[in-house]
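Here's the letter readout for the chains.
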Amino acid sequence: MPVLITYATCRGSTREVAERIASRLHADGFAVDCRSVDHVYSVENYSAVILGSAVHGQKWLLDAQKFLDIEAMGLQMKPTWTFSVGMAPAVTGSKWIRDRAVRHESRHIEEIIMRKLPTVRDHHLFAGKDDGLDTPAPIRCLWSCVGGRWGDYRNWDEIDDWADVIAKELKSEGV
Ligand SMILES: Cc1cc2nc3c(=O)[nH]c(=O)nc-3n(C[C@H](O)[C@H](O)[C@H](O)COP(=O)(O)O)c2cc1C
């Protein structure tokens, strides 16, 4: 059975992260199926699941939250990993501020995931992509004041490494 890599995105950067994870697993010999959460009808026919979402307002997008609600029972039966894509890890200037922002956002998201899916193997928050063009000026200003940056901060090596850890774990379990 293939590994499902499924995602919720608003502007496409989370889809590209999911596609990167899928291609990494595929190159490692796994059959994969990468699709948006609204195109997954059941997780039954998958050997493992990797579920990701863009972060808005320190939360997963609604489609991803709904997917987790609906599929929680099915997901408990198989190895499941989760990831988020947001701009908190792209804060620069002070490492202290960035670490706090990442810790705060990760904890907030992980609490919700754990409540719904206590068997989840891991959650990872990746830096995302945002040009800020649609963001209102006061929020742009606030973001810049805390060292926030605009641009594409996805770290493909970090994403590959995370996919490799999953591949190793699945192989050791004979998936
Ligand atoms: C309306 C809006 C709200 C956002 N809120 C957050 C947030 O609370 N925390 C964060 O880390 N990133 C936040 N971001 C940044 C996005 O998560 C980031 O740009 C991500 O790469 C978007 O993924 P997507 O291209 O798949 O939609 C926000 C972006 C937008 C447009």
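Residues numbered from 1 in each chain as written. Predicted model: local features only at pLDDT ≥ 70, side-chain atom pairs only at ≥ 80, totals over all residues. Heavy atoms only, no water.

- The protein chain is annotated in an unreviewed UniProt entry as Flavodoxin-like domain-containing protein from Cladophialophora psammophila CBS 110553.

## Re the site of the ligand
Inference 1: Within the structure, the ligand sits among 19 residues, and Thr9, Ser13, Val55, Glu105 and Lys129 are positioned closest to it.
Inference 2: Note that an oxygen atom of the ligand is positioned 3.2 Å from one of the backbone N or O atoms of Val85.
Inference 3: Relative to its free-state accessible area of 640 Å², the ligand is covered by the protein chains to the extent of 81%.
Inference 4: Those elements that place two or more of their residues in the shell around the ligand are α1 (13-27), β3 (48-56), β5 (80-86) and β7 (129-130).
Inference 5: For the shell around the ligand, the element with the most residues is β3, which contributes three residues.
Inference 6: Looking at the shell around the ligand, its residues break down into six nonpolar, nine polar and four charged. (Near = heavy atom within 4 Å. Polar contact = N/O pair within 3.5 Å; in protein donor to acceptor, adjacent residues only side chain to side chain. Areas by Shrake-Rupley, 256 points an atom, 1.4 Å probe, with all protein chains shown as cover. Helix = DSSP H or I, 4+ residues; strand = E, 2+ residues; numbered from the N terminus. Nonpolar A, V, L, I, M, F, W, Y, C, P; charged D, E, K, R; others polar.)

## Looking at the UniProt feature "domain: Flavodoxin-like" (unreviewed entry) in the protein chain
Inference 1: In the numbering used here, UniProt assigns the "domain: Flavodoxin-like" (unreviewed entry) feature to residues 3-175.
Inference 2: Measuring from the first to the last C-alpha atom of residues 3-175 gives 9 Å, for a span that is 45% helix and 23% strand. (UniProt positions renumbered as here; feature names shortened; annotations may be inferred.)

## As for the pairing of strand β1 (residues 3-8)
Inference 1: Extensive coverage of β1 is indicated by the burial of six of its six residues.
Inference 2: The side-chain alternation of β1 yields two buried faces, one formed by Val3, Ile5 and Tyr7 and the other by Leu4, Thr6 and Ala8.
Inference 3: The pairing of β1 with strand β2 (residues 32-36) spans five bridges and is parallel. Counterpart to Thr6 in the pairing with β2 is Arg35.
Inference 4: Each parallel crossover has a hand, and for β1 linked through α1 to β2 it is right-handed. (Buried < 20%, exposed > 50% of the residue type's maximum accessible area, 1.4 Å probe, protein only. Pairing = 2+ DSSP bridges. Right-handed = clockwise from strand over helix to strand, strands pointing away.)

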